[in-house]
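Reading the structure
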Amino acid sequence: MKISARNSLKGKIVDIVKGATTAHVRLDVGGIIVTASITNEAVDALKLQKGQEAYAAIKASDVMIAID
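Residues numbered from 1 in each chain as written. Predicted model: local features only at pLDDT ≥ 70, side-chain atom pairs only at ≥ 80, totals over all residues. Heavy atoms only, no water.

1. Notes on the environment of Lys47
To keep it simple, the criterion reads: Helix and strand definitions here come from DSSP, where helices need a minimum of 4 consecutive H or I residues and strands a minimum of 2 consecutive E residues; each element is numbered from the N-terminal end.
Following the sequence through the fold, Lys47 ends up in the loop between α1 (40–46) and β4 (53–58). Taking the C-alpha atoms as reference points, Lys47 and Leu9, separated by 38 residues in sequence, lie 19 Å from one another.

2. Details of the layout of surface pockets
Note the following rule: Every definition here rests on a 1 Å grid over the protein atoms only: cavities are sets of points where a 1.4 Å probe fits but cannot get out, pockets are open sets enclosed by protein on both sides within 12 Å along at least five of seven lines, and lining residues have some atom within 4 Å of a point. Grid points are joined across faces, edges and corners, and a volume is the space filled by probe spheres set on the points. All amino acids are sorted into three groups, where Ala, Val, Leu, Ile, Met, Phe, Trp, Tyr, Cys and Pro are nonpolar, Asp, Glu, Lys and Arg are charged, and the leftover types, Gly among them, are polar.
One number sums up the size of the largest pocket: a volume of about 300 Å³. Of all the elements in the fold, those that place two or more residues in the lining of the largest pocket are β2 (22–29), β3 (32–39), α1 and β4. Split into classes, the residues belonging to the lining of the largest pocket amount to 13 nonpolar, 1 polar and no charged.

3. Comments concerning a nonpolar patch on the surface
Put simply, the rule reads: Within the patch definition used here, like charges are joined within 9 Å and nonpolar side chains (Val, Leu, Ile, Met, Phe, Trp, Tyr) within 5 Å, considering only residues with over 30% relative accessible area and no salt bridge. Note on areas: these come from Shrake-Rupley sampling with a 1.4 Å probe, and a residue is covered only by the protein chains present in the view. Salt bridge, as applied in this entry: a Lys or Arg side-chain nitrogen positioned within 4 Å of an Asp or Glu carboxyl oxygen.
Together, Met1, Ile3 and Tyr55 make up a nonpolar patch on the protein surface, roughly 370 Å² of accessible area in all. Positionally, Ile3 belongs in the segment before β1 (7–18).

4. Focus: the pattern of salt bridges
Spelled out, the test is: Buried means the residue's accessible area, taken with a 1.4 Å probe over protein chains only, is under 20% of the maximum for its type, while exposed means over 50%, and partly exposed covers the values in between.
Under the defined criterion, the tally for this structure stands at 3 salt bridges. Between Lys50 and Asp15 there is a salt bridge; the shortest N-O distance is 3.7 Å. With Lys50 in the loop between α1 and β4 and Asp15 in strand β1, the pair connects residues that are 35 residues apart, well separated along the chain. By relative accessible area, Lys50 is classed as exposed at 58%. Residue Asp44 is joined to Lys18 by a salt bridge in which the shortest nitrogen-to-oxygen separation is 2.6 Å. Of the two residues, Asp44 is situated in helix α1 and Lys18 in strand β1; the sequence distance between them amounts to 26 residues. Overall, Lys18 belongs to the partly exposed group, its relative accessible area being 43%.

5. Some details on the nonpolar core
The line we're drawing: Nonpolar core, defined: a set of buried Ala, Val, Leu, Ile, Met, Phe, Trp, Tyr and Cys residues in which side-chain atoms within 4.5 Å join the residues together. Here, two residues are considered to be in contact whenever any of their heavy atoms come within 4.5 Å of each other.
Ile13, Ala23, Val25, Leu27, Val29, Val43, Leu48, Ala54 and Ala56 together form the largest nonpolar core, which totals 9 residues. Listed by contribution, the elements that provide at least two residues to this core are β2 and β4. If one sorts the elements of this core by residue count, β2 sits on top with 4 residues. When residues no more than four places from it in sequence are discounted, the contact partners of Ala23 are Val17, Lys18, Ala36, Ser37, Ile38, Thr39, Asn40 and Val43.

6. Remarks on the pairing of β1
The following threshold applies: Paired strands, as defined in this entry, are two strands with at least two bridges between them according to DSSP.
Two strands pair when backbone bridges link them, and β1 and β4 are joined in this way by 6 bridges, in the antiparallel orientation. Along β4, the bridge assignment pairs Lys12 with Glu53. Where β1 meets β2, 6 bridges bridge the pair, whose relative direction is antiparallel. Across the sheet, the residue bridging to Lys18 is Ala23, located in β2. The loop that links β1 with its antiparallel partner β2 comprises 3 residues.

And the structure:
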């Protein structure tokens, strides 16, 4: 896999919830759940299924840290 995103997290799909146009795909990455919002068409095109290994590719110009 080649991608321009600097950060990717490998995990296992634990849930896929399709809405009217957008799906929420939940990925378990070492006990941490990462949720991605993607189109229903992307879910179908990638043939995503629960239990399948996948990557969360993260591309952001800024990552901030906050404390109380």
